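Given next are the chains, with one letter for each unit.
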Amino acid sequence: MTGKDIGQATIRDVAREADVSVASVSRVFNRLPNVRPELKERVEQAARKLHYVPHAGARNLSMARTGSIGIVLPDLHGEYFSEMLRGMEREAALHQRHLLLSNMHLDIGHGIEALRNMRGRVDGLIVMAPHLNLDDLFAQLPPGIPAVLLNCRANGLGMPELRVDNVAGAATMVRHLIDCGHRAIVHVEGPEGNVEAADRARGYAQAMEAAGLKPVILPGNFDEESGRRAVERLQAEQVDVDAIFAANDMTAIGVMVALRDLGVDVPTQVAVAGFDNIPLARLISPGLTTMAVDIADMGARGINRLVALIDGEAVPQMELRQPGLIIRTSSQLSAA
């Protein structure tokens, strides 16, 4: 080969030299997982002989790469989702990926529409849908699209998942409140049909029963207003309570505001605790005792897992994350 020919070889020349198909050469250069070591060596040897250099732009086109990742969340507002997106954006930037965001609200129709709108526009998906049946949701997408699931219901999709151990976290919080001397502990749960809310309520009930205490669970919706409503109901029904454990921090903040408006001191009269450790939890007064999920890190790890999947790497099927107890003034103990 003459000097002017160097670097001008094509993928077809490499396939001819290696005596394999063009598709086989493409699989080798795109680092796909279904490539035999002997095929890889054969193609690379042919490429070296012909001085063939794969073109990055052409490679992306041949793989239909967009450089974008689809993010589908129940909502895009509030401190919890802001923290998760902060972690996702930070990690995506490290991998030179862009994020395409969508929310699905509370029904399967919105979720299906969100996924359909991303079809062909993203290289993979991160989906957080603790309130939806994912088997129905993903039936709308072509099989094989790389996806990572965050805190979703049990499903038969076989996709990599990251979950918080909500049952263990709730039980840890109940034991902490019991250690503080509280016995009449009421739980304000999250929305009906949400697997995270259900698991937190289950962990609360199991820990209360293990301590010989009666569980009292009030309805909630993961928002400040449901915390207010729970306090109003407790007052109207004259329920004996010395601690309120809310299913998330925003509900707990609603509880604290309602108690303050009634002249009930937190924590000397009623202790309050939440779950998630959103940034606001440490800024309010008194500081909110909560279970830390490390929301931003969970978002970042979801991106990291998805990028690995897109690049054909193997990733763990399940990561169960253990939340940590953060003790602040609202549960009557000094902050740790």
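Residues numbered from 1 in each chain as written. Predicted model: local features only at pLDDT ≥ 70, side-chain atom pairs only at ≥ 80, totals over all residues. Heavy atoms only, no water.

**Student:** Any chance you could explain the sheet that holds strand β6 (residues 185-188) here in plain terms?
**Tutor:** Across a sheet, strands are paired by hydrogen bonds formed along the backbone, either parallel or antiparallel in direction. In spatial order, the strands read β7-β6-β8-β9; together these four strands make up an open sheet with parallel pairing. A single partner strand is all that each edge strand has here, and the edge strands are β7 (216-218) and β9 (271-273). Averaged over all neighbouring strand pairs, the angle between strand axes comes to 20°, with direction disregarded. Bridge analysis of strand β8 (residues 243-246) against β9 gives three bridges, and the strand direction is parallel. When the bridges of β9 are listed, Ala243 appears paired with Ala271. Strands in contact with helix α9 (residues 195-210) are β6, β7 and β8; relative to β6, the strand with the most contacts, it is inclined by about 165°. (Pairing = 2+ DSSP bridges. Helix = DSSP H or I, 4+ residues; strand = E, 2+ residues; numbered from the N terminus. Axes fitted to C-alpha atoms, helices over the stretch in contact; angles between N-to-C directions. Contact = heavy atoms within 4.5 Å.)

**Student:** Help me understand the pairing of β6 in this model?
**Tutor:** Side-chain direction in a regular strand flips from residue to residue, so the side chains alternate between the two faces of the sheet. Along β6, one buried face is formed by Ile185 and His187 and the opposite face, lined by Val186 and Val188, is buried too. Across four bridges, β6 lies against β8 in parallel orientation. Note that in β8 the partner of Val186 across the bridge is Ile244. Where β6 and β7 come together, three bridges link them in parallel fashion. (Buried < 20%, exposed > 50% of the residue type's maximum accessible area, 1.4 Å probe, protein only.)

**Student:** What am I meant to see in the pairing of strand β2 (residues 98-103) here?
**Tutor:** In this structure, strand β1 (residues 68-73) lies alongside β2, joined through six bridges in parallel fashion. Note on β2: the bridge partner recorded for Val72 is Ser102. Running through helix α5 (residues 79-94), the crossover from β1 to the neighbouring parallel element β2 is right-handed. (Right-handed = clockwise from strand over helix to strand, strands pointing away.)

**Student:** Is there a simple way to explain the nonpolar core in this structure?
**Tutor:** One recurring pattern in soluble globular proteins is that nonpolar side chains are buried together. Grouped together as the largest cluster of nonpolar side chains are 63 residues, with contacts concentrated most on Met84, Ile244 and Phe245. Looking at this core, the element that brings in the most residues is helix α11 (residues 249-261), giving seven residues. Counting contributing residues, this core receives three or more from each of domain 2 (67-164 + 295-323) and domain 3 (166-293 + 325-331). (Core = buried A, V, L, I, M, F, W, Y, C linked by side-chain atoms within 4.5 Å. Domains from an automatic or database assignment.)

**Student:** Please explain the side chain of Asp165 as it appears in this structure.
**Tutor:** By the secondary structure assignment, Asp165 is in the loop between β5 (161-164) and α8 (166-179). Buried charge Asp165 goes without a salt bridge, the closest partner of opposite sign being Arg202 at 7.4 Å. Side-chain polar atoms of Asp165 contact the side chain of Gln322, separated by 3.1 Å. In this structure, Asp165 is in contact with Leu320, Arg321, Gln322 and Pro323, ignoring residues within four places of it in sequence. (Lys, Arg positive; Asp, Glu negative; His and termini not counted. Salt bridge = Lys/Arg side-chain N within 4 Å of Asp/Glu carboxyl O. Polar contact = N/O pair within 3.5 Å; in protein donor to acceptor, adjacent residues only side chain to side chain.)

**Student:** Before we go on, may I ask you to explain α11 in this structure?
**Tutor:** Think of an α-helix as 3.6 residues a turn; residues three or four steps apart then line up on the same face. In this model, α11 (13 residues) spans 18 Å end to end at C-alpha, consistent with the 18 Å of a helix rising 1.5 Å per residue. Among the 13 residues that make up α11, 10 are buried, leaving the element largely enclosed by the rest of the structure. When α11 is considered as a whole, its buried residues turn out to be Asp249, Thr251, Ala252, Ile253, Gly254, Val255, Met256, Val257, Ala258 and Leu259. If you follow the buried residues of α11, they end up packed against β6, α10 (224-236), β8, β9, α12 (280-283) and β10 (290-292). (Expected span 1.5 Å × (residues − 1).)

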